[in-house]
Amino acid sequence: MKKFDRNDDSVVVVIGSGAGGGTLGNELAQKGVKVVCLEAGARLDFTRDFANDEWGMFGRMAWLDKRTTSGSWLVARDFPNLPAWICKTVGGTTVHWAGASLRLREHELKARTTYGSIAGANLLDWPLSLAELEPYYAKAEAKMGVTRTNGIPGLPPCNNFKVMAAGAKKVGYKQVHTGRMAINSKPRDGRNSCRQLGFCFQGCRMGAKWSTLYTEIPHAEQTGNFEIRPQSHVLRIKHDKTGKVDSVVYADKNGEKQRQKARIVCIAGNSIESPRLLLNSASSTFPDGLANSSGQVGRNYMRHLTASVYGIFDKPVNMYRGTTMAGIISDESINDPARGFVSGYEMETIALGVPFVAAFLLPGSWGRDFASLMEAYDHMAGMWIVGEDMPQESNAVTLHSSEKDPYGMPVPNVHYDDHANDLAMRRHAFQAGTNVYEAVGATRIVETPPYPSTHNLGTNRMSEKAANGVVNKWGQAHDIKNLFVSDGSQFTTGGAENPTLTIVSLEIRQADYIAGQMSKNNI
Amino acid sequence: MSKARFNRRQFLESSGRTLAASSLTAYLPAIAAGEIKFENLDDYTATVLIRVCRVMFPHDELNDSYYSTCVEGLDQKAVDDGNLAELLAQGVKKLDGTSAGKFLEMDEAGQTRMLTSMEGTPFFKTIQGHVVVALYNNPKVWPHFGYEGASYPFGGYLERGFDDIDWLPAD
């Protein structure tokens, strides 16, 4: 396997190996660009290390480094030190994601224009159009093997989906199917097809679900242009006298500090760690942090309007048999302000095992009533709501004033208040989900508050003008031309679609741009 | 609520239903006889905590051994957390120290009121946070809830009922 010298200043350093970093690293390596990928987590082998064990895999894969929370969101009450449910492992959160692969819609990319001026919302149109993104969406869908694209059949309907679909039909919803999923319905790309294990969140033991761990990263390694260094936690990005970034400092697996020189640095640490790293890299030249002349680094934190609805029925459902996210209702994913809010939401099945239902159904609950819900576990069907939340400048990832990590760097605080639009949408979604399940006989409904965020977005957002965002339409920092953001923190707004497909598409596109700029010696 | 199913009935037979309605005293002899040993908690504290676990997550068909296992986990956590045993012992004293009498002598409604009054305390939150994982993450209780656990060793559910629901309306 290729190894690069730490003093090799011709390499592109990619920080993170998930949907953003893993994809970008491979795309660059395929073009002959030399890449060092620094990943904070360890490397697991899906054929050996992945177990159908909810808490066991959570302990092995989740990002559990200390984080704090503030704000009125329920996550701060229910999970004060776990604002996000994302991963610290090679492959990042692509080991955990459920596979839903949806394109952003035209109106979602033009949020400011479509929704107008919303009090308290820091809305902006994306600096790129759907037409510009479409060719990259097509490449991403082909790469990931998304069902219902490229002639790939949909996955078969499981019990949990059948309940939701039957209710949807009664309610009158039309856009209902088993989803566009980056899960093989047939063997493809040297990977198995899905055997309906469940446990998609615990790492796919079949390798049927796309994850950079066993696709992009080994493909990149085969080029001889790519080195991944697991257990390499980046602490700081350094720059030269001209203000260009020139190296990164990281803690290796022994906790020793190392410095890797770089021609270009691309940050893909997810929407909490990426802004944290920029803020922690403040210098006398950049006292507010790197790429932060706009003051927007860490701001406009979005997490999707999430919530879940569980219905309890007289007869068994056994929702846990089959894929975690087994289908979708898209009828509510429109902008219809007559509903009392702008933008919309997707309804997607979700299924958890007994251990996670106990912890996440109604966090903190106990007593007879809660126990009676657990008694009905196998009679339960579940859906997750993914809606667009409003970007707010005050919803922000900031550096904690006193708490430090083991390397002496301030830990991140994640502040979030629901916007009135978010609250109105969540109320609507709870009712819509209730209607679906009651239409097929649910005797009891549980409205589950948000889980820790898996869709973390917006904290280094793209903007046309340098004054109101962190990066341009290529993910390149407005302030520093050899510094890129390569994850969901680029999102100008969140849309109502699961973000991974868009992240992968943006990184295929960004790789084209970086390679082109390198060959022209512009960076 | 949910009807008994084949797997649940099987489970009940194997788990000894006669214990299902057991009062806590069924466990005092077990502790006294040294069948269950606690390293950091005294026997009385442990006994009260077993009851606390049950009142927090009451499943009448689960016998006390499952709740005892939760307290054994707390006892083990106390090895690494020097303050935990004291926190638990003091909490138990508070549960016993009101005009309502000793916790173990209260009925379930009274015990629930006592625990409600302590919601939000470190004592309560420590136990609740531990037990909600320790109880429901124990594979031995899963059959009671109709949950089959790991499926990979059995080839997933593709041929084992992933789509076997048969009661939905046809139209």
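Going by the structure above, here's the rest.
It should be emphasised that the depicted structure is a prediction, and the values quoted were computed from it without experimental measurement.

Novice: Is there a simple way to explain the overall build of chain A in this structure?
Specialist: Helix and strand content of chain A: 13 helices and 17 strands. Relative to a compact globule of 523 residues, whose C-alpha radius of gyration would be 24 Å, chain A shows 22 Å and is just as compact. Dimensions along the principal axes, computed over C-alpha positions, put chain A at roughly 70 × 50 × 45 Å. Counting the 523 residues in chain A, one finds 61% classified as buried. Of all intrachain contacts in chain A linking residues separated by at least 6 positions in sequence, the fraction that spans at least 24 positions is 75%.

Novice: What am I meant to see in the overall build of chain B here?
Specialist: Broken down by element type, chain B carries eight helices and zero strands. Taken from the N to the C terminus, the helices and strands of chain B come in the order α-α-α-α-α-α-α-α. Split into buried and exposed, the 171 residues of chain B put 32% on the buried side. Pairs at least 24 apart in sequence give 69% of the contacts found in chain B among residues at least 6 apart.

Novice: Before we go on, may I ask you to explain the nonpolar core in this structure?
Specialist: In globular proteins that are soluble, nonpolar side chains generally tend to be buried together. Counting 198 residues, the largest nonpolar core has Val35 of chain A together with Cys53 of chain B as the members making the most contacts within it. Counting residues per element, this core draws most heavily on helix H3 (residues 43-56) of chain B, which supplies eight residues.

Novice: Help me out: how do you make sense of the environment of tyrosine 451 of chain A in this one?
Specialist: Residue and element names in this part refer to chain A. Inspection of the secondary structure puts tyrosine 451 in the loop between strand S16 (444-448) and strand S17 (483-485). When the 23 C-beta atoms within 10 Å are taken as the criterion, tyrosine 451 is described as buried. Remark: the alpha-carbon pair of tyrosine 451 and serine 308, spanning 143 residues in sequence, is separated by 8.7 Å. Not counting the four nearest positions on each side in its chain, tyrosine 451 is found in contact with Trp85, Thr306 and Phe360.

Novice: Would you mind showing me how to read the sheet that holds strand S7 (residues 245-251) of chain A here?
Specialist: Working definition: the strands of a sheet are paired by backbone hydrogen bonds and lie parallel or antiparallel to each other. All names here are of chain A. With respect to topology, three strands assemble into an open sheet ordered S6-S7-S8, the strand pairing being antiparallel. In the strand order of this sheet, the two ends are held by strand S6 (233-239) and strand S8 (257-261), each with one partner. Within the sheet, the average angular offset between the axes of one strand and its neighbour, ignoring direction, is 25°.

Novice: How should I be thinking about the interface of chain B and chain A in this particular structure?
Specialist: How big an interface is tends to be reported as the loss of accessible area on association of its parts. Between chain B and chain A, the contact holds 31 residues from the first and 40 residues from the second. Among the secondary structure elements, those contributing two or more residues to the side of chain B that touches chain A are helix H7 (122-134) and helix H8 (142-145) of chain B. Looking at the side of chain B that touches chain A, the element that brings in the most residues is H7 of chain B, giving three residues.

Novice: Explain unusual backbone geometry to me, please; I cannot follow it from the model alone.
Specialist: Negative phi values dominate among residues other than glycine, just as trans dominates among peptide bonds. Residues and elements named next belong to chain A. For aspartate 189, which is not a glycine, the phi torsion comes out positive at approximately 60°. Note that aspartate 189 resides in the loop between strand S4 (176-177) and helix H8 (216-222). Unlike most non-glycine residues, asparagine 270 shows phi in positive territory, near 80°. Inspection of the secondary structure assignment puts asparagine 270 in helix H9 (residues 270-280). On the basis of neighbour count, asparagine 270 is assigned to the buried category, with 30 C-beta atoms found within 10 Å.

Calculation criteria
- Residues numbered from 1 in each chain as written.
- Chains lettered and ligands numbered in written order.
- Predicted model: local features only at pLDDT ≥ 70, side-chain atom pairs only at ≥ 80, totals over all residues.
- Helix = DSSP H or I, 4+ residues; strand = E, 2+ residues; numbered from the N terminus.
- Rg over C-alpha atoms; globule rule 2.2 N^0.38 Å.
- Buried ≥ 20, exposed ≤ 12 C-beta atoms within 10 Å, placed from the backbone.
- Contact = placed C-beta atoms within 7 Å.
- Core = buried A, V, L, I, M, F, W, Y, C linked by C-beta atoms within 7 Å.
- Pairing = 2+ DSSP bridges.
- Axes fitted to C-alpha atoms, helices over the stretch in contact; angles between N-to-C directions.

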